[in-house]
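Take a look at the letters that make up each chain.
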Amino acid sequence: MALTAQTESDLIHQLLHAMDGVAVIAFDAKLHIRYASPYGLQILSLKSPSRAKLPASIGQRVLAELQKNNLKFTLQHAVGNALKSFCVQIATLEPATAGADYVLYMQDVTERFASEYELRSMLNLLRKLIDASPDYICLKDGAGRWLHANTSGLSLLHLNGVNTQGKTDRELADLTHPNLRDFMQHWQAADEYVWETGQLLREEETVPLPGGDRVLDVIKVPLFHDDGSRHGIVTLGRDITDRKQVESQLRQRSAILDALISCDWLLHSSESWQKVAVGVLELLGLASHASRAALLKNSSDIEAEAPISELLHHWNAPGFKPLSDGYHCIDYLRDGCSRWLNILQQGSPIFGNADDFPPDERRFLLNHDSQSFVIIPIFVHAHWWGVIMIERDHAASTVTSQELGALMSIGRSFGVAIQRESSDHRLHQAKIAFESTAEGIFITDDELRTIAINQGFTDITGYTEDDVLGNIPNVLEADLKKPEPHREIWKALTREGRWRGEFWNQRKNNEQYAEWVTLTAVNNEEGKVINYVGVFADISEIKHSQSRLNELVNRDPLTGLPNRRLMHELLDHAIKYAEREQNEIALLFVDLDRFKAINDTLGHQMGDKLLFEVSQRIRAAVRDSDAVARLGGDEFIVMMDVLREREDAAKVAKKIISSLQNEFLIDGRELFISASVGISVYPDDSLDVDGLIKAADIAMYQVKNKGKNNHCFYSADLSQNAVERFTLENQLRRALARDQFEVYYQAQVSLETGRIIGAESLIRWIHPELGVVSPAKFIPLAEETGLIIPIGEWVLRQSAMQVKEWHDQGFDIDWVSVNVSGVQIQRSNFADTVYGILVETDCESHLLELEITESTVMHNTEYVIDVFDRIKHLGVRLAIDDFGTGYSSLSHLKRLPLDKIKIDQSFVRDLPNNSDDAAIATAINAMAQSLGFTVIAEGVETRQQASFLKKIGCQQGQGYLYSRPVTASEFTALLRAEQLNNKK
């Protein structure tokens, strides 16, 4: 049945009302709205279309699109407070209908656009994450064509800059590095396998990169459409090369460690190391993939020019010729292997392939069919005993650091086993000495329980072994009633590992007695205390005599020391005794420096407490037989009534001065003083009490005049010296203005190469009448008068100009070292002075090195550190001079920005024959190098000294062996001669 026009109109209106999100708007050419659907009225914010026009934003866009004949487009329009997006289509009405020329269809696509934007953002983020991944990631379509690969993947396969989009692996194989072509084709085959199986594939693959193979952990994931057709494939690859290498090294290390444990067990479980030596060599050889191994011992022939290692034991793998067929011994000098001596004697191994060695050594190895080998040194009692020689198969890999460490450990195990066996004989001798000595000896474990005593212990105390075993000795057990002595004992044992002193003890019969005890802590190789050893002697008779003497004297009420009157009596008595026995007496007059300033500033009560502490330290510094008295104020006297040598008095004076240099902590304050000590000797200086005291007093003032904090013996010419000093001071004040100073230079050389690498500036005073005045004579005077400040500045300026001149002339000299007085640092703006001289002379800062004495650091330490930090920031080198002669604190030393430490010549003079000096020099060098400092030794005069210093690791030397101090022109000649020699 045909619809009527009204019915059709109603259906159209219903349809337009039902179109949610679609607006239909009819308008004429002038944009007047002729009709709008309900949604159209809503988005245009109209109640009725009558007399309404399209909004300007829509109308202008519509006209613009119509002019371009573009009937489909999108636009955004604000509806209420929301901005909506519309897909717009324009239909032209021909002819015009109901006054309308166009129909505008606007479909709301806001939500679709938002979803598409969010999807694009998510895809962009995902792409960035893939590109940022360090792993290789590649996406391919169902035909194996590349869709996307991240930067890591392109870099790995050398495809940077290549357009990979749409290309297969075979196509890209021609575009990458030739090494990767077969690999790329293999990957395409692997993709095919994954699609066929439809399962994830994970495997390790080796990529043959130009720089070396890399191992990848590869995962391939196939992707399919719902209908089962191929959609694509995702490939992920992670570089696990480093992990695989670590795993391999761990397996290898495990094998060598197992061998280490077995070798160590064999050596320490056997009665004799020689019985298991071959078995140890076999374990060692198998674990390290060696073909041959041998143990060689150094010859004990004292007439030999150098050690010769002789074969003791050997092992070889089946099919290999024994080492004994060629290596009966290694004569390092004759075989051309002298370089090995230094390396092995320093405890370092020798390893490598024959081709890596110098010609002489390579010839020696090839003559013995050795291609790759390791030589491990063995030390017994800190002496080089011999070597373990391990020869590896030619095809074997090079020795790793883990293997080398394990082999060195086995060498140490050999040394311990050899040392243990050789120690048995020494233990037997020690047992005889232990039992036969008259002094009492006891040994405790780490928990202080007595584990052994000797017969002397029983003879002195009356206690037998059954009485004391398992008990704690009285000298080590704290007494709650008298804790102080034990506190001092344990303080010394903890700090120094030794305590020596007097102790009151009790015998088995309850009798009290005095003993002189030496306690020593015994440490194992790890530094842990395992035993305490005590040695003591009965000094009851000596103490009884001292006690009776003390009853006769009067004491100073403040310090408890003998006073002036009693000291007169004691000294008079001692003089009479010395006259009768023809002995000498030393009298030490001790006067405190800077005490008056402390007493005036902090008050007499603080001063009294300080004097008491001073008296305690003086008493601790002298011998038990010496008498100490306080004359009054800050003056003390020490009488040494039996003087065997004058040097004994000097030693005591030094001990007193040293003990008083350490800080005093009184009422929470740190106080610092020093002491000047004058020494007179009976009968040389006087025959009576007053004369001896006066002579010591004059000597003490001589010390005061020379800078304090020292000691001096009285001599008859001290008065004359005072006059000479006054004259010298006047001349010194004019010397700089009259151009009487000259800078000399002494070479500093590398002990390794023998080349001159630096010089030390040394001032000389050339006086027209006095001649050459010794620096030892005028430098202390310059420091005392303050003249050292302008003199030191002059020396620094001259040195800077001279080293710049040498440097400009092309001489290969690294620095000039200038001595700096503590007075310059303490009394002047020294960092500013250094900076000014560098600017004035245009000298590069690294060409200057400043040396200060060790004692300077201990005075006003924080200020010195601040000054040194400022100088270090300028680029100037810093060094400690005369190291070992002062009392510097390591805590202070490591805070200083130092470059170098100079070993004092007093420790070099008797090297290498003096064992004490050798030990000190070695310790200083080891300490300095552990702190990162260079070490130079001064006073090197013989080649034996230089050889020893080089052997212990000292890098630089200075002394008459290389050059005396010379003028600048003479030193220039030295540099020129060395330069010419190097060109040859």
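Now for a quick tour of the structure. (Residues numbered from 1 in each chain as written. Predicted model: local features only at pLDDT ≥ 70, side-chain atom pairs only at ≥ 80, totals over all residues. Heavy atoms only, no water.)

### Comments concerning the overall build of the chain
The criterion, for reference: Put simply, DSSP H or I for four residues or longer makes a helix, DSSP E for two residues or longer makes a strand, and each gets a number counted from the N terminus. Three exposure classes are used, based on accessible area relative to the maximum for each residue type with a 1.4 Å probe and protein chains only: buried under 20%, partly exposed in between, and exposed over 50%. All accessible areas in this document rest on Shrake-Rupley with a 1.4 Å probe, and a residue is counted as covered only by the protein chains that are shown.
Looking only at helices and strands, the chain features 32 helices and 37 strands. When the 984 residues of the chain are sorted by exposure, 43% land in the buried category. Within the structure as shown, the chain displays about 52,400 Å² of accessible surface, and the carbon and sulfur contribution to it stands at 50%.

### Overview of the pairing of strand E17 (residues 440-445)
This is how the line gets drawn: By the convention used here, strands pair only if DSSP detects at least 2 bridges between them.
With 6 bridges connecting them, E17 and strand E21 (residues 529-538) associate as antiparallel partners. Looking at the pairing, Asp445 lines up with Asn531 of E21. Pairing of E17 with strand E18 (residues 450-453) involves 3 bridges; the strand directions are antiparallel. Paired with Phe442 across the bridge in E18 is Ile453. The turn joining E17 and E18, which pair antiparallel and follow one another in sequence, is formed by 4 residues; a positive phi near 70° is taken by Leu448.

### What to know about the pairing of strand E20 (residues 512-523)
In this structure, strand E19 (residues 498-506) lies alongside E20, joined through 9 bridges in antiparallel fashion. Counterpart to Arg500 in the pairing with E20 is Thr518. In textbook terms, the turn of a hairpin is the stretch between consecutive antiparallel strands, and for E19 and E20 this stretch comprises 5 residues, one of which, Asn510, has a positive phi near 75°. Summarising the sheet, E20 and E21 pair through 9 bridges and their orientation is antiparallel. Along E21, the bridge assignment pairs Trp516 with Ala537. The loop that links E20 with its antiparallel partner E21 comprises 5 residues; one of these, Gly527, has a positive phi angle of about 85°.

### Observations concerning the packing of helix H26 (residues 830-841) against helix H28 (residues 861-873)
For the record, the criterion: Interaxial angles span 0 to 180 degrees and are taken between N-to-C directions of axes, which are lines fitted to C-alpha atoms, for helices over the stretch in contact. When an angle is under 35 degrees it counts as roughly parallel; over 145 it counts as roughly antiparallel; between 65 and 115 it counts as roughly perpendicular; any other value is oblique. Here a crossing is called left-handed whenever its near helix is offset anticlockwise from the far helix by less than a right angle, and right-handed whenever the offset is clockwise. By definition, residues are in contact when any of their heavy atoms lie within 4.5 Å. Here the nonpolar group is Ala, Val, Leu, Ile, Met, Phe, Trp, Tyr, Cys and Pro; Asp, Glu, Lys and Arg are the charged ones; every other residue, Gly included, is treated as polar.
It is at 9 Å that the axes of H26 and H28 come closest, and there the two elements cross at 15°. In terms of their interaxial angle, H26 and H28 are classed as roughly parallel. Of the two elements, H26 crosses H28, and the hand of that crossing is right-handed. Across the interface between the two elements, Phe830, Ala831, Asp832 and Val834 from H26 touch Val867, Arg870 and Ile871 from H28. Grouping the constituent residues of the contact of H26 with H28 by class yields 5 nonpolar, no polar and 2 charged.

### Section: the packing of aromatic side chains
Threshold: Paired rings are identified among Phe, Tyr and Trp, the last through its six-membered ring, by centres lying within 6.5 Å, and are further divided according to the angle between planes into stacked (under 30 degrees), edge-to-face (over 60) and tilted (the rest).
Inspection of every chain in the model, using the stated rule, returns 19 aromatic pairs. Taking the centre distance of 5.4 Å and the plane angle of 25° together, the rings of Phe357 and Phe373 count as stacked. In this pair, Phe357 sits in the loop between strand E14 (350-353) and helix H11 (359-367) while Phe373 sits in strand E15 (residues 372-380), placing the two residues 16 residues apart along the sequence. Each member of the pair, Phe357 as well as Phe373, is classed as buried. An angle of 45° between the planes, with centres 6.2 Å apart, marks the rings of Phe741 and Trp794 as tilted. Taken together, the residues Phe741 in strand E29 (residues 741-750) and Trp794 in helix H24 (residues 788-808) connect sequence positions 53 residues apart.

### A word on helix H9 (residues 273-287)
Applicable threshold: Helix span, expected: 1.5 Å multiplied by one less than the number of residues in the helix. At any given residue, the bend is defined as the angle formed between two axes, one fitted to the seven residues that end at that position and one fitted to the seven that begin there.
Compared with the 21 Å implied by 1.5 Å per residue over 15 residues, the 20 Å span of H9 between its first and last C-alpha is a close match. Along H9, the helix axis deviates most sharply at Gly279, where the bend reaches about 30°. For H9, the complete set of buried residues consists of Trp273, Val276, Ala277, Val280, Leu281, Leu284, Gly285 and Ala287. His289 sits one or two residues past H9 and shows a positive phi near 55°.

### Comments concerning the sheet that holds strand E24 (residues 635-643)
Strand order in the open sheet formed by 5 strands is E23-E24-E22-E27-E28, with mixed pairing between adjacent strands. Either end of the sheet is taken by a strand with one partner, and the two such strands are strand E23 (627-632) and strand E28 (711-713). Recorded for the sheet is a direction-independent mean angle of 20° between the axes of neighbouring strands. Most of the contacts of helix H20 (residues 646-661) go to strand E27 (residues 674-682), to which it runs at about 165°, and overall it touches strand E22 (584-593), E24, E27 and E28.

### What to know about the side chain of Asp591
The condition is simple: Think of a polar contact as two N or O atoms within 3.5 Å of one another; within protein, one of them needs to be a possible hydrogen donor and the other a possible acceptor, and neighboring residues in sequence only count if both atoms come from side chains.
Tracing the backbone shows Asp591 in strand E22. At 2.7 Å, the side chain of Asp591 and the side chain of Lys704 are in polar contact. Leaving out residues up to four positions away in the same chain, Asp591 has contacts with Asp634, Glu635, Ser674, Ala675, Ser676, Met700 and Lys704.

### Brief notes about the nonpolar core
One broad rule of soluble globular proteins: the nonpolar side chains tend to lie buried together. Condition: Residues belong to one nonpolar core when they are buried, are Ala, Val, Leu, Ile, Met, Phe, Trp, Tyr or Cys, and are joined through side-chain atoms within 4.5 Å.
Judged by nonpolar contacts, the single largest core of 78 residues is most densely connected at Leu850 and Phe971. A per-element tally of this core places H24 first, with 8 residues. If we ignore the near neighbours within four places in the chain, the residues touching Leu850 are Leu796, Val818, Val820, Phe830, Val834, Ile871, Val876, Arg877, Leu878 and Ala879.

### Structural notes on the environment of Pro134
Position of Pro134 relative to the elements: it lies in the loop between helix H4 (110-132) and strand E6 (136-141). Separated by 103 residues in sequence, Pro134 and Gly237 place their C-alpha atoms 9.5 Å apart.

### Re the sheet that holds E21
Strand order in the open sheet formed by 5 strands is E18-E17-E21-E20-E19, and the pairing between neighbours is antiparallel. Looking along the sheet, the strands with just one partner apiece sit at the ends: E18 and E19. Neighbour-to-neighbour, the strand axes of this sheet turn through a mean angle of 25°, independent of strand direction.

### Side note on unusual backbone geometry
That bond from Tyr682 to Pro683 is cis: its omega, 5°, falls within 30 degrees of zero. Relative to the helices and strands, Pro683 resides in the loop between E27 and helix H21 (689-705). A cis amide bond links Leu911 to the next residue, Pro912, at an omega of -5°. By the element assignment, Pro912 lies in the loop between strand E35 (900-903) and helix H30 (915-930). Phi is positive for Ser45, which is not a glycine, with a value near 60°. Structurally, Ser45 is set in the loop between helix H2 (38-43) and helix H3 (56-67). On the accessibility criterion, Ser45 (59% relative accessible area) is exposed.

### As for helix H7 (residues 181-197)
Rule in force here: Starting at the helix axis, one direction is taken to each C-beta atom, and the arc is that of these directions.
Given a rise of 1.5 Å per residue, 17 residues ought to cover 24 Å, and the 25 Å separating the end C-alpha atoms of H7 matches this to within 8%. Listed in full, the buried residues belonging to H7 are Phe183, Met184, Trp187, Ala190, Asp191, Val194 and Trp195. Taken down its axis, H7 places every buried residue within 140° of arc, on the same side. In H7, the exposed residues that point more than 90 degrees away from the buried face are Asp182 and Glu196. Just downstream of H7, Gly198 is the residue with a positive phi angle, here 70°.

### Observations concerning a nonpolar patch on the surface
Selection criterion: Here, patches come from residues exposed beyond 30% relative accessible area and free of salt bridges, joined within 9 Å for like charges and within 5 Å for nonpolar side chains (Val, Leu, Ile, Met, Phe, Trp, Tyr). Each salt bridge in this description consists of a side-chain nitrogen of Lys or Arg and a carboxyl oxygen of Asp or Glu lying within 4 Å of one another.
A surface patch of nonpolar side chains, amounting to about 310 Å² of accessible area, comprises Met122, Leu125 and Leu129. Structurally, Met122 can be placed in helix H4.

### Let's talk about the environment of Ile865
Of note, Ile865 is situated in helix H28. Given a relative accessible area of 6%, Ile865 falls into the buried group. For Ile865 and Arg895, which are 30 residues apart along the polypeptide, the C-alpha to C-alpha distance reads 7.4 Å. Beyond its immediate sequence surroundings of up to four residues, Ile865 is in contact with Arg895 and Leu896.

### What about the pattern of salt bridges?
Enumeration according to the criterion identifies 38 salt bridges in this entry. Notably, a salt bridge pairs Arg34 with Asp28, separated by 3.0 Å at the nearest N-O pair. With its nearest N and O atoms 3.0 Å apart, the salt bridge here joins Lys902 to Glu851. Taken together, the positions of Lys902 in strand E35 and Glu851 in strand E33 (residues 848-853) put the pair 51 residues apart, joining distant regions of the chain. Across this residue pair, the class does not change: Lys902 and Glu851 are buried.

### Observations regarding the environment of Asn505
With respect to the helices and strands, the residue Asn505 is situated in strand E19. Asn505 sits in the buried class, given a relative accessible area of 12%. Linking Asn505 and Asp538, residues 33 residues apart in sequence, is a C-alpha distance of 9.8 Å. Among all residues touching Asn505, those that are not within four sequence positions of it are Asn474, Glu511, Gln512, Tyr513 and Glu515. For Asn505, the side chain forms a polar contact with the side chain of Glu515, separated by 3.1 Å.

### Quick notes on the packing of helix H19 (residues 604-621) against H20
Look at H19 against H20: their axes get within 9 Å of each other, and the N-to-C directions meet at 140°. By the angle between their axes, H19 is oblique relative to H20. Remark: the crossing between H19 and H20 carries right-handed chirality. Note on element contacts: H20 touches H19 through Lys655, Ile656, Ser659 and Leu660, opposite Val614, Arg617, Ile618 and Ala621. For the contact of H19 with H20, the per-class residue count stands at 5 nonpolar, 1 polar and 2 charged.

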